[in-house]
Amino acid sequence: MSDRDIFDLTGRTALVTGASQGLGERFAQVLAERGAAVCLAARQTDKLAKLQKKIEKAGGTAHVVALDVTDPEAVERSVAEAEEALGPLDILVNNAGVAVTQGFLDLEVGEWDKVLDTNLRGAFVVAQAAAKKMAERGSGSIINIESV
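Predicted, not measured: the structure shown is a model, and the values here were computed from it.

Colleague: Could you give an account of the overall build of the protein, naming the residues involved and the relevant values?
Modeller: For the protein, the count of helices and strands is five helices and five strands. Secondary structure elements of the protein occur, N-terminal to C-terminal, as α-β-α-β-α-β-α-β-α-β. In terms of overall dimensions, the protein is globule-like: its C-alpha atoms have a radius of gyration of 16 Å, near the 15 Å expected for 148 residues. Reported as C-alpha extents along the three principal axes, the dimensions of the protein are approximately 55 × 30 × 30 Å. A total of 148 residues make up the protein; the buried ones form 41% of that total.

This is the structure we're talking about:
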């Protein structure tokens, strides 16, 4: 059995948050290369549209949803839209995040709140929304990513 067989995701559906750039973009590409239908989610939908075209040109399946992980209602809508477009979610790559560039002494509370809302609360909200759908079917995988 080859590595490709071991990691075959044909017939699976994945949602990747923060898919507009960096690690999220790469995760989405790899999942699509392995056969998963991938829902690309982020705030920057123009970048997602370019990635969607790239995935589809390579023979994959992708769908774009605008998503601000700090908005629980938007998360619910995006998860529902992903499933409506591509089928039941099997995989969540919870990758959306923001970073601060200020030093600790210069960081304002509002900026810190933005980091916590996106990187911590947002990850929780998306994971919970996806897990509810996965639990209804009795299976699924959630991968939480954090980066500097």
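There's plenty left to go through after this.
Colleague: Residue-level account of helix α4 (residues 72-86), with values.
Modeller: With 15 residues, α4 extends 21 Å from end C-alpha to end C-alpha; this agrees with the ideal 21 Å at 1.5 Å per step. Turning to α4, its buried residues number three or more, namely A74, V75, S78, V79, A82, E83 and L86. Each buried residue of α4 sits inside an arc of 165° when the element is viewed along its axis, so together they form one side. Those residues of α4 that are exposed and aimed more than 90 degrees away from the buried face are E73, R77 and E84. In the core, the buried residues of α4 are packed alongside β1 (13-17), β2 (37-42), β3 (61-66) and α5 (109-137). Measuring from the side-chain oxygen of the N-cap residue of α4 to the backbone nitrogen of E73 gives 3.1 Å; that N-cap residue is D71. Positive phi appears at G87, one or two residues downstream of α4, with a value of about 110°.

Colleague: So, a nonpolar patch on the surface: which residues are in play, and what are the values?
Modeller: A surface patch of nonpolar side chains, about 300 Å² in accessible area, is lined by W112, L116 and L120. Along the polypeptide, L120 turns up in helix α5.

About the cut-offs
- Residues numbered from 1 in each chain as written.
- Predicted model: local features only at pLDDT ≥ 70, side-chain atom pairs only at ≥ 80, totals over all residues.
- Heavy atoms only, no water.
- Helix = DSSP H or I, 4+ residues; strand = E, 2+ residues; numbered from the N terminus.
- Rg over C-alpha atoms; globule rule 2.2 N^0.38 Å.
- Buried < 20%, exposed > 50% of the residue type's maximum accessible area, 1.4 Å probe, protein only.
- Expected span 1.5 Å × (residues − 1).
- Arc of directions from axis to C-beta.
- Contact = heavy atoms within 4.5 Å.
- Polar contact = N/O pair within 3.5 Å; in protein donor to acceptor, adjacent residues only side chain to side chain.
- Patch = residues over 30% accessible without salt bridge, like charges linked within 9 Å, V, L, I, M, F, W, Y side chains within 5 Å.
- Areas by Shrake-Rupley, 256 points an atom, 1.4 Å probe, with all protein chains shown as cover.
- Salt bridge = Lys/Arg side-chain N within 4 Å of Asp/Glu carboxyl O.

Read these as geometric descriptors, not functional statements.
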